[in-house]
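# Examination of the molecular architecture
Here is how the chains run, residue by residue.
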Amino acid sequence: MGKRMKLVTFLITAIMIVLVLGGCVLPRFTHDTLIEIMISRARVYLAQNHPEFDLKLFAVYASTDEVPEPFDKADDLAYWRLIFSDIDLAKSVEVFCKDESWSSIVVDGIWMEDAYLLDPFYIVYDIQDAINIISNRDPFLKCLRMYFHLPIDPNYNHPEYKFRIEDGGFVNFNSVTGEFVFSND
């Protein structure tokens, strides 16, 4: 076997390994993530029901229900709460989706806990991707709720999923880099 043939065989093998290993968790580059779909649906709802506001997204909560049950699949998330604020008018609108039924409330004051989530989003890992990666580290872990936000902290460059876990504490998962840490706060 000549040098050229060995090189071609090596390259094909390397490409196959990358594709197989990369197929374990496929980052989203060609279609919207679940979080983007829910945000888009909330924006449509807001445009129809609250056109008087210039609303910016600050946070997204999701769980199985208002009283959450443990989940290990993103498909189990049936209760969503999205928080938008109009800085100029000092108002916030909380949008709720339960089993595809939308509602909202207007709140005096703006959301001050997180930074504004800029649109368009650059999200590589969707909720299920994050769950899969975390489960590879701890297969018995069960999540109670998910919180998508950008902390007000210069150390955060990307939005994160913050999973409240059943045994207490949180898992903070970077939606772009895939890095995660377990924490108690």
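Residues numbered from 1 in each chain as written. Predicted model: local features only at pLDDT ≥ 70, side-chain atom pairs only at ≥ 80, totals over all residues. Heavy atoms only, no water.

The next subject is the overall build of the chain. Counting its regular elements, the chain contains 3 helices and 8 strands. Its helices and strands in sequence order give the chain the pattern α-α-β-β-β-β-α-β-β-β-β, from N to C terminus. In the chain, buried positions account for 42% of the 185 residues. Long-range pairs, those at least 24 residues apart, make up 54% of the contacts in the chain between residues at least 6 apart in sequence. Only carbon and sulfur atoms are counted for the fraction: they give 57% of the accessible area of the chain, which is about 10900 Å². (Helix = DSSP H or I, 4+ residues; strand = E, 2+ residues; numbered from the N terminus. Buried < 20%, exposed > 50% of the residue type's maximum accessible area, 1.4 Å probe, protein only. Contact = heavy atoms within 4.5 Å. Areas by Shrake-Rupley, 256 points an atom, 1.4 Å probe, with all protein chains shown as cover.)

Its 16 residues give helix α2 (residues 34–49) an end-to-end C-alpha distance of 22 Å, which sits within 8% of 22 Å, the value for a rise of 1.5 Å per residue. Within α2, the full set of buried residues consists of I35, E36, M38, I39, A42, Y45 and L46. (Expected span 1.5 Å × (residues − 1).)

Right, let's talk about the confidence of the model for the chain for a bit. Of all residues in the chain, 89% have pLDDT values of 70 or greater, and the mean over the chain is 87. Every residue in residues 23–29 scores below 50 in pLDDT, and together they form 12 contacts with partners more than four places removed in sequence or on other chains. (pLDDT = per-residue confidence, 0-100.)

Attention now goes to the side chain of T64. As for its placement among the helices and strands, T64 is situated in the loop between β1 (56–63) and β2 (79–86). Of the polar contacts made by the side chain of T64, one reaches the backbone nitrogen of E69; its length is 2.7 Å. Every residue in contact with T64, bar those within four places of it in the chain, is listed here: E69, F71, D76, L77, A78 and Y79. (Polar contact = N/O pair within 3.5 Å; in protein donor to acceptor, adjacent residues only side chain to side chain.)

Leaving glycine out, the prevailing phi sign among residues is negative, and the prevailing peptide bond configuration is trans. Phi is positive for D99, which is not a glycine, with a value near 50 degrees. Topologically, D99 is positioned in the loop between β3 (91–98) and β4 (101–108). Despite not being glycine, E100 has its phi angle at roughly 70 degrees, a positive value. Along the chain, E100 turns up in the loop between β3 and β4.

Another aspect to go through is the nonpolar core. I35, W80, I127, Y161 and F163 are the most contacted members of the largest nonpolar core, which has 42 residues in total. Here this core gets 6 residues from one element, more than from any other, and that element is α2. Those residues in contact with W80 that sit more than four places away from it in its chain are L34, I35, M38, V60, Y61, A62, V95, F96, C97, I127 and M146. One finds F58, I83, W111 and Y147 within the second-largest nonpolar core, a separate group that totals 5 residues. (Core = buried A, V, L, I, M, F, W, Y, C linked by side-chain atoms within 4.5 Å.)

With that settled, consider the pattern of salt bridges. Considering all chains together, one arrives at 7 salt bridges under this definition. Linking D65 and K98 is a salt bridge whose minimum nitrogen-to-oxygen distance equals 3.1 Å. Separated by 33 residues along the polypeptide, D65 in the loop between β1 and β2 and K98 in strand β3 bring together distant segments of the chain. In this structure K98 comes out as partly exposed when scored by relative accessible area, which is 33%. The shortest N-O distance in the salt bridge between K142 and D72 comes to 3.0 Å. Pair noted here: K142 is in the loop between α3 (127–137) and β5 (143–149) and D72 is in the loop between β1 and β2, with a separation of 70 residues, a long-range link. With relative accessibility at 32%, the residue K142 sits in the partly exposed group. (Salt bridge = Lys/Arg side-chain N within 4 Å of Asp/Glu carboxyl O.)

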